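Fold and contact review
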Amino acid sequence: MQQLLIIGYVWIEKTTGAGNRMLQLLNVFKNQNYTITFATPAQKTENSLNLSELGVQEQSIELNSSSFDDFVKELQPDVVLFDRFMMEEQFGWRVAEHYPKALRVLDTEDLHFLRKTRHQQLKKGKQFSTEALLKSDEAKREIAAILRCDMSLIISAYEIQLLKEVFKIDEALLYHLPFLLDKIDAEVIQNWKSFEEREHFVFVGNFFHAPNVDAVLQLKRIWKHIRKQLPKAELHIYGAYATQQIKQLHKPKEGFIVKGFAEDALEVVKNARVVLAPIRFGAGIKGKLTEAMECGTPSVTTSIGAEGMHADLPWNGFIEDDFEKFANKAIELYTYDILWKKSQQKGIEIINSLYDKEMLEIPFMKRVRKIQENLDVHRTQNFLGSLLQHQTLQATKFMSKWIEEKNK
């Protein structure tokens, strides 16, 4: 039986897109009969899942401590999965040194440097450009982590293209693995509420995530236009960790209602008529938008919201960057049942064509096995990766050792 060690940035929470993504990966490896250990230096929160209930071993680990070296030597994992590049920076060199036989896989979640650069450019009032990406220090760190790993999981089709074309990453190191979702079949569709049974607009998003905070601030501006045309409609804002800034937007008389944490986000979306997501910066693919499709709820979003999510298939609603037009499209979708039903159908097609877990799981595990079987050759061919493992380029390793000595 093979062993998987996941080194998590945080404990898994079901309230986040990243948490759901990690649960999907856990299930893929469980289906292949892997024994799984989830280790993280983070503290648990009230929303953290109890992974032992899922048959996963939990382990707390320390940053800048050789206790991890003993732990990984004793565990002898076949595969080590780093949850985001920061965990590869902290623990990747320790795995490479103390248990080099393990296949090292990076799950990028989304490209952090892409999201951060877009945010910075937006704040400066500048146009986003590849030049800004190429100058980004965050990009250098994240690309270095990708090069050091044997395989990196990239969630968005746009990001795969960016890494290959702009950063010239060898495609042998990259694997496109979007969300792994259940197919939408006739039984699921039958249980959905009809257009007439649904009401209101909804936004769902974790407020630790800056693009979600910004999206709700944009919704406050957009909502005035929508409410003028639809005086009985309401916009319900759901999400964990709502900040004071978000709570202050709560205006029930205007139909703008901040609901806070949703125990069951899918239930909320299933009852709504339209999902709104005016996302101005970000990366990866958006769980709130695949959830909308899974619930048969059409959505209005931006080109960044829908980026890398629907290949050449039509969107399940509208993609609009001009916020006045965004409001008009939201009103159309909310008002016209034929348009709404056609949009719902498009969402079914996107999920079943691009996110079907049964279709995605087998090729992914084949790729894992293929690299495992030819690991020495694979690493030899990744010259830039081995170059970055050279002692002269291992500032993170020596900084970590220095911190450990200092802490003694």
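All of the points below concern the structure found in this document. Position numbers for residues start from 1 in each chain and track the written sequence from start to end. With the structure being a predicted model, the display of local features is reserved for residues of pLDDT at least 70 and the display and counting of side-chain atom pairs for 80 or more, all residues being used for whole-chain, interface and lining totals. With hydrogens and water excluded, all non-hydrogen atoms of the structure serve as input to the side-chain values.

1. Observations regarding the sheet that holds strand β10 (residues 256-260)
The strands that make up a sheet pair up through hydrogen bonds in the backbone, lying either parallel or antiparallel. At least two DSSP bridges between two strands are required for those strands to pair. Helix and strand labels come from DSSP, where a helix needs a run of H or I of at least four residues and a strand needs a run of E of at least two; each type is numbered from the N terminus. With parallel pairing, the six strands of this open sheet are ordered in space as β10-β9-β8-β11-β12-β13. Whereas interior strands pair on both sides, the edge strands pair on one side only; in this sheet they are β10 and β13 (317-319). On average, adjacent strands in this sheet sit at an angle of 20° to one another, irrespective of strand direction. Note: strand β12 (residues 299-301) against β13, three bridges, orientation parallel. Paired with S299 across the bridge in β13 is G317. Helix axes are fitted to C-alpha atoms over the stretch in contact, other axes to C-alpha atoms as well, and angles between N-to-C directions run from 0 to 180 degrees.

2. Comments concerning the packing of aromatic side chains
Within 6.5 Å between ring centres, the rings of Phe, Tyr and Trp (the latter by its six-membered ring) count as paired, and their orientation is classed by plane angle as stacked under 30 degrees, edge-to-face over 60, tilted in between. Applying the stated criterion across every chain, the model contains twelve aromatic pairs. Ring plane angle 70° and centroid distance 5.3 Å describe the contact between F113 and F167, whose orientation is recorded as edge-to-face. One end of the pair, F113, is in helix α4 (residues 112-123); the other, F167, is in the loop between α7 (157-165) and β7 (174-176), and 54 residues separate them in sequence. Note on exposure labels: buried denotes an accessible area under 20% of the residue type's maximum, exposed denotes more than 50%, and partly exposed covers the range between, all computed with a 1.4 Å probe on protein chains only. What makes F113 buried here is its relative accessible area of 0%. Taken together, a centroid distance of 5.7 Å and an interplanar angle of 80° make the contact between F201 and W223 edge-to-face. Of the two residues, F201 sits in strand β8 (residues 201-204) while W223 sits in helix α9 (residues 210-229), which places them 22 residues apart along the sequence. Judged by its relative accessible area of 0%, F201 is buried. For W223, a relative accessible area of 3% corresponds to the buried category. An aromatic cluster is built from F29, Y34, Y175 and F364, whose rings are joined through pairwise contacts. Placement of a charge over a ring requires the Lys NZ or Arg CZ to be within 6 Å of the ring centre, with the centre-to-atom vector within 35 degrees of the ring normal. For K44, the ring lying beneath its charged end belongs to W11, and the centroid distance is 4.7 Å.

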